[in-house]
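Fold and contact review
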Amino acid sequence: MNAAIPPSTPHTGERVLQGLGVSSGIAIGFAEFVGQVLEEPELSSISKERVESEYARLAVALEMTKGQILELHKLLGDDDGGAAPSHSTIFESHALLLEDPVVIDEVRRKTADELKCIDWVYYQTIRGYIDQLRKVDDAYLSERAVDLEDVAARLLKNLRAGDGASADATPVQRAWVGQTVLLGHDLSPSDTAGIDRSQVRGFATEVGSATSHTAILARSLNLPAVVALHELPRDSYTGAPVIIDGYEGRVILNPTQSTLRSYAKRAAVEEKRLEKLSDLKTADTRTKDGDRMLLSANLEFVTEIADLKELNVDGVGLFRTEFLFLCDGDSRSEECQYETYRTIAEGAGRHGVIIRTLDIGGDKLLPELRLDPEPNPFLGWRGIRLTLDEDELFRSQLRAILRASAHGKVRVMFPFISTLEELQAAKRCFNRVKKELADEGVPFDPEVEIGAMIEIPSAVFIAGHLAKEVDFFSIGTNDLIQYTTAVDRVNDRVAHLYQPMHPAVIEMIRTTVEAAHRNGIWCGICGEAAADLEMTPIWVGLGVDELSVGLGQLLKLRAALASLSGEPCRQLVRDLRENAGKAEDVRQLCLQVAQEAYPDLLISKAVERN
Ligand code: PEP
Ligand code: MG
């Protein structure tokens, strides 16, 4: 974070909002709202002589709005640098809607004919177009209605700004350009993937949860983030200074100088705390008894590979390939995928990389699928279901993965397995692609191991059968929790029921690990629970072979593991089976072991969970 303090705007007052911190850290910057709300402006009559100056106000506001749209385009990534080129289309269409000559002529004509202020005329005109678009039974056109609303709201705000009514940054504050904090109703995973890190300090949204892919990406990008704010005030805070407190889930709009100073201090303390852990960067990962535990990293972006060596990571336990596909650009081509997988295979470390085949669906939708939404996307055409239906897409991904295996240790993993048939079908495709490459004389590792993600309850209960088909399991707790407890992982209304420590979840994980070991294969965990320090004693007690976590969580987990002995953890697992009927029981029993072993690490955890 940048500890320097921007000046606060005097006229809007400090406002503190409480949400859920999903990516720790403190960010200070200026508020930029993504997605605007269109409100009817006040109606006032004008004289004939005012008409020309109304036209001039409109022209100035049009220019300002266009500039802001382009600016936002840059913040959310552009064609050349960003991971989500689909934005180009959105922003270009916003700019086009803004400059539509039919609309502008109509607004000018009505202003002159009706002698009403141009804000009101513009609103009435654009509202008419929006209502017409909404009535058309076409997903594409109704999406354009949302775009039009966003653009029009921006324009109206800029018309008012010309009257001096805005809380936009003063020139002194604008000197802080490059310190933007994004605020909005929601950010999609592809919005987040495309964020320009050199410009954006953090973000906050009205909806969201800790295991949404947006939150997972925020942690990967090291961007402080707060979600589930429910209602963000908009207009009067655009351009105002804002603090995102990812530790405590707070957003402070237009903070006072004294709040800013105390946050700058707090950030310095946190930095020191993290520095202390840096002694562990070169250490192996072992328990207190000296038993080796594999500690791997979850990666979303190939750019993260540089940090792996620095942290002495064993390998990449999960490479999520979806972000290569969330745009319609070239990054989905076999060649581009091959280059990405090869770079990761070459830099992944001793244990190599586990490349997960495409897990599209749920909250990660391909641009083309957004036009044909499903009623229950998390229960729908997702992961292996989609790739088994889309033969060409699956084939080219498997080809790229196998080709990369000639350059480093690569494993392949199939997501969202719910039946034995799916796993067997995926293996048939995999073997067919291997034969195809061998016939073409293309080099690859013929011994590439395959694994299944265990993240659906039906897979847990047939784990013994699945284990006979694969070399390893990796437990996806993010989904296993959502499907076990019937709680949508991105719905903040029922977030209190999304319980990683639900005894049923722990029992599912125990069943899976035992089935793996009984069948002579290893089992890791790659969901977010792998990094939950209150749960670490359970993973040791169950004999989990590998934990794969985000890079930012790695050193703390290594420190926790180094403080734990096997026997109290095994006893804990026995106690949990006998005595824990509720998530809170599980938590209390875990805390008894964890507090004894690493109280210091839990202090920061308490701050983060607040
Ligand atoms: C999981 O479900 O736990 C997992 C690691 O995969 P994802 O979060 O991408 O669904
Ligand atoms: Mg999953």
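For the structure, check the block above.
Going along each chain's sequence as written, the residues are numbered from 1 onward. For this description, chains carry letters from A and ligands carry numbers from 1, given in the order in which they are written. The predicted nature of this model means local features are confined to residues of pLDDT at least 70 and side-chain atom pairs, given and counted, to a pLDDT of 80 or more, with totals for whole chains, interfaces and linings taken over all residues. Just so you know, side-chain values use all the structure's heavy atoms and leave hydrogens and water out.

Here we look at the coordination of the magnesium ion (ligand 2)
With distances of 2.0 to 2.1 Å, the protein atoms coordinating the magnesium ion (ligand 2) are Glu 455 (OE) and Asp 479 (OD). Linking Glu 455 in the loop between β13 (449-454) and α15 (457-461) with Asp 479 in helix α17 (residues 477-485), this pair joins segments that are 24 residues apart in sequence. Classification of Glu 455 as buried rests on a relative accessible area of 1%. Donor selection uses N, O and S atoms within 2.8 Å of the metal (3.2 Å for Na, K and Ca). Since no water is included, sites may look incomplete. The helix and strand labels rest on DSSP assignments: H or I over at least four residues marks a helix, E over at least two residues marks a strand, and numbering proceeds from the N terminus. Under the scheme applied here, a residue whose accessible area is under 20% of the maximum for its type counts as buried, over 50% as exposed, and between as partly exposed, the area being computed with a 1.4 Å probe on protein chains only.

A word on the sheet that holds strand β4 (residues 180-184)
Pairing is mixed across the open sheet formed by 8 strands, whose spatial order is β1-β8-β7-β3-β4-β5-β6-β2. Across the chains shown, the open sheet's two edge strands, defined by having one partner strand only, are β1 (15-18) and β2 (20-23). For this sheet, the mean angle separating the axes of adjacent strands, direction not counted, is 30°. Across 5 bridges, the pairing between strand β3 (residues 26-34) and β4 is parallel. Within β4, the residue paired with Ala 31 across the bridge is Val 181. Across the sheet, helix α8 (residues 213-220) is in contact with β2, β5 (200-205) and β6 (225-227); its angle to β2 comes to roughly 55°. Between any two strands, at least two bridges found by DSSP are needed for them to pair. Axes here mean lines fitted to C-alpha atoms, for a helix over just the part in contact, with angles spanning 0 to 180 degrees between N-to-C directions. Two residues qualify as a contact provided that any one of their heavy atoms is within 4.5 Å of a heavy atom in the partner residue.

A few points about helix α14 (residues 420-440)
For α14, which comprises 21 residues, the first-to-last C-alpha distance of 31 Å matches the rise-based estimate of 30 Å (1.5 Å per residue) to within 8%. Listing the buried residues of α14 in full gives Glu 422, Leu 423, Ala 425, Ala 426, Lys 427, Cys 429, Phe 430, Val 433, Lys 434, Glu 436 and Leu 437. The inward-facing, buried residues of α14 abut α12 (384-389), α13 (391-404), β12 (410-414), β13 and α16 (463-467). Here the expected length of a helix is defined as 1.5 Å per residue gap, with one fewer gap than residues.

Observations concerning the site of ligand 1
Definition of nearness: a residue and a molecule or strand are near each other if at least one heavy atom of the residue lies within 4 Å of the molecule or strand. By nearness alone, 17 residues border ligand 1, and His 213, Arg 320, Asn 478, Asp 479 and Arg 489 come closest of all. Between an oxygen atom of ligand 1 and a side-chain N or O atom of Arg 320, the distance comes to 2.8 Å. At a separation of 3.1 Å, an oxygen atom of ligand 1 approaches a polar backbone atom of Thr 477. Computed with the Shrake-Rupley method and a 1.4 Å probe, the accessible areas treat only the protein chains shown as cover for residues. Out of a free accessible area of 290 Å², ligand 1 has 100% covered by protein chains. In protein, a polar contact means a hydrogen-donor-capable atom and an acceptor-capable atom, both N or O and within 3.5 Å, with residues adjacent in sequence counting only if both atoms are side-chain atoms; elsewhere, any N or O pair within 3.5 Å suffices.

Spatial relationships are all this shows, so hold off on functional conclusions.
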